[in-house]
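Architecture and fold: a report
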Amino acid sequence: HVGFRYAADLYNTKVTNIEVSTIAGVPIIELKKTPLDGWGRIAKRTGDIVLAFIGMIVLSPFFLLIALVIRLDSRGPVFVRLPRVGESGRLFHIVKFRSMIAGAHAMKSELLEYNERKDGPLFKMKNDPRVTRIGRMLRRTSIDELPNLMNVLTGQMSLVGPRPHEPEEVKRYERHERKLLSIRPGITGMAQVSGRADLSFAEEVQLDTFYIENWSPRLDLLIFVRTLMVVIRGRASV
C-alpha cells in the first residue's frame, strides 16, 4: 500500500512525447507528435535560411582568409565534400574547410585499429596523423565546419540538430538510433554542447532524441549560445 513514482534522468529517458490514459479501464499509451511536426518545422526552416544567409555574408571575408591559410599550409583543395546521411536516410555531401591531407578517407581503413570509440559506430582518433597543422586549429575551434552554412541554405542541414554521420557508420545504427534521421542534421546540437568528447554514443543518441521530441526556438537559442561558449573555451569536439 505504498505509492510509487519513478522519474528517469535525462540519459535514461528513451521517449518523452508519450501520454498515458485509459479507455474503458484499459491503459493506453499514446505516442504524440513532436514540436517539429507541422508549423514548428516551417518556423525552424525559416530561421535557418535567414540566419545562414546573414552568416554567409558576414563571414565571407573570413572565408577568404581561411582559404588562403589552408592553401599555404598544404597541398589540396580549400573545401572538401564528404558523404553524409541526412534526413530520411538521404545521402548528401557536407561542405567543410579541408583539415586533412589529400586522400585521407582512403587511409581510414588502415587506422580503424586505433579507433578510441568502442561503444558505437563512430570513429575517433585523438592524434589522427591525417590532420594537417592548420587543420588541428580549425577543428579545435570548429572553424572547419563554417562552410556547413552552404548545406543549410540548400536544405540539407539545419543550424541545430543531430550531427550527420558517414554512410558506413549509419549502416551500424541500432534500430532506435535511426530516429536521428527523422529531422535535418545540424551544424551543432545537444551532444556537441554537453561534453561530446566525454559522452558515449548511446548518451549522444539520447540527448539528440530528447532534442527532437522537445524542440523549441528557445532550446535552439540556448544550444547556439552554449556552442559559442564551447568554441571560445577551445573545447569544441573534433
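Above this text you will find the structure in question.
Residues numbered from 1 in each chain as written. Predicted model: local features only at pLDDT ≥ 70, side-chain atom pairs only at ≥ 80, totals over all residues. Heavy atoms only, no water.

1. Thoughts on the overall build of the protein
Going by this rule: Strands are runs of DSSP state E lasting at least 2 residues, helices are runs of H or I lasting at least 4, and numbering of each runs from the N terminus. Exposure is judged per residue with a 1.4 Å probe applied to protein chains only, and the accessible area is read against the type maximum: over 50% gives exposed, under 20% gives buried, and values in between give partly exposed. Contacts: residue pairs with any heavy atoms within 4.5 Å of one another. Only the protein chains shown count as cover for residues, and the accessible areas themselves come from Shrake-Rupley with a 1.4 Å probe.
A tally of helices and strands in the protein yields seven helices and six strands. Starting at the N terminus, the α and β elements of the protein follow one another as β-β-α-β-β-α-α-α-β-α-β-α-α. Of all 238 residues assigned to the protein, the portion counted as buried reaches 42%. Taking all contacts inside the protein whose residues are at least 6 apart in sequence as the whole, residues at least 24 apart take part in 67%. In the form shown here, the protein has an accessible surface area of approximately 14,300 Å², with 61% of it arising from carbon and sulfur atoms.

2. Digging into the pairing of strand β3 (residues 79–85)
Taken residue by residue, a regular strand's side chains alternate between the two faces of the sheet. Condition: Here, strands pair whenever DSSP counts at least two bridges between them.
Sheet topology places β3 next to strand β4 (residues 91–97); seven bridges connect them, and they run antiparallel. Bridged to L82 within β4 is I94. With antiparallel pairing between neighbouring strands as the criterion, β3 and β4 make up a hairpin whose turn holds five residues, including S88 at a positive phi of roughly 60°.

3. As for helix α6 (residues 201–213)
For the record, the criterion: For a helix, the expected span equals 1.5 Å multiplied by the number of residues minus one.
End to end, α6 covers 18 Å across 13 residues, agreeing with the expected 18 Å (1.5 Å per residue, within 8%). Of all 13 residues in α6, 10 are buried, a share of seventy percent or more. When α6 is considered as a whole, its buried residues turn out to be F201, E204, V205, Q206, L207, D208, T209, Y211, I212 and E213. Where α6 is buried, its residues contact α1 (39–73), β5 (158–160) and α7 (217–232).

4. Focus: the side chain of D128
Selection criterion: Any N or O atom pair separated by 3.5 Å or less is treated as a polar contact, with the protein-specific requirement of one donor-capable and one acceptor-capable atom, and with residues adjacent in sequence counted only for side-chain atom pairs.
Note on placement: D128 falls in the loop between α2 (104–111) and α3 (133–140). Its relative accessible area of 5% is what places D128 among the buried residues. At 2.7 Å, the side chain of D128 forms a polar contact with the side chain of R130. Apart from residues no more than four positions distant in its own chain, D128 is found in contact with M100, L111, F123 and R136.

5. Details of the packing of aromatic side chains
Here is the rule: Planes of paired rings set the category: under 30 degrees apart is stacked, over 60 is edge-to-face and the rest tilted, where pairs are Phe, Tyr or Trp rings (Trp by its six-membered ring) whose centres lie within 6.5 Å.
Enumeration according to the criterion identifies three aromatic pairs in this entry. When the centroid spacing of 5.2 Å and the interplanar angle of 20° are considered together, the rings of F79 and F97 count as stacked. Residue F79 is located in strand β3, and its partner F97 is located in strand β4; the two are separated by 18 residues in the primary sequence. Put simply, the rings of F63, F79 and F97 touch in pairs and so form one group of aromatic residues.

6. Things to note about the packing of α1 against α3
Selection rule: As a rule, the C-alpha atoms of each element are fitted with a line to give its axis, helices using only the stretch in contact, and angles between N-to-C directions run from 0 to 180 degrees.
Viewed as axis vectors pointing N to C, α1 and α3 meet at an angle of 145°, and their least axial separation amounts to 8 Å. Mapping the contact onto sequence places I66, V69, I70 and D73 in α1 and R133, I134 and L138 in α3.

7. Some points on the pattern of salt bridges
Applicable threshold: In what follows, salt bridge is the name for a side-chain nitrogen of Lys or Arg lying within 4 Å of a carboxyl oxygen of Asp or Glu.
For the structure on display, the rule yields eight salt bridges. As a salt-bridge pair, R90 and E87 come within 3.7 Å of each other at their nearest N and O atoms. The shortest N-O distance in the salt bridge between R130 and D128 comes to 2.7 Å. When its relative accessible area of 5% is taken as the criterion, R130 is described as buried.

8. Notes on the nonpolar core
Going by this rule: Here, nonpolar core means buried Ala, Val, Leu, Ile, Met, Phe, Trp, Tyr and Cys residues that are tied together by side-chain atoms lying within 4.5 Å of each other.
By size, the foremost hydrophobic cluster in this structure holds 28 residues, and its most contacted members are V152, M157, L159, Y173, I187, Y211 and I223. Within the residue set of this core, elements represented by two or more residues are β4, α4 (148–153), β5, α6 and α7. With five residues, α6 is the largest single contributor of residues to this core. Not counting residues up to four positions away in its chain, the partners in contact with I187 are E145, N148, L149, V152, M157, S158, L159 and R163.

9. A look at the environment of N214
Relative to the assigned elements, N214 resides in the loop between α6 and α7. Sequence-wise, N214 and P35 are 179 residues apart; in three dimensions their C-alpha atoms are separated by 6.5 Å.

As far as function goes, none of this settles anything; it's purely spatial.
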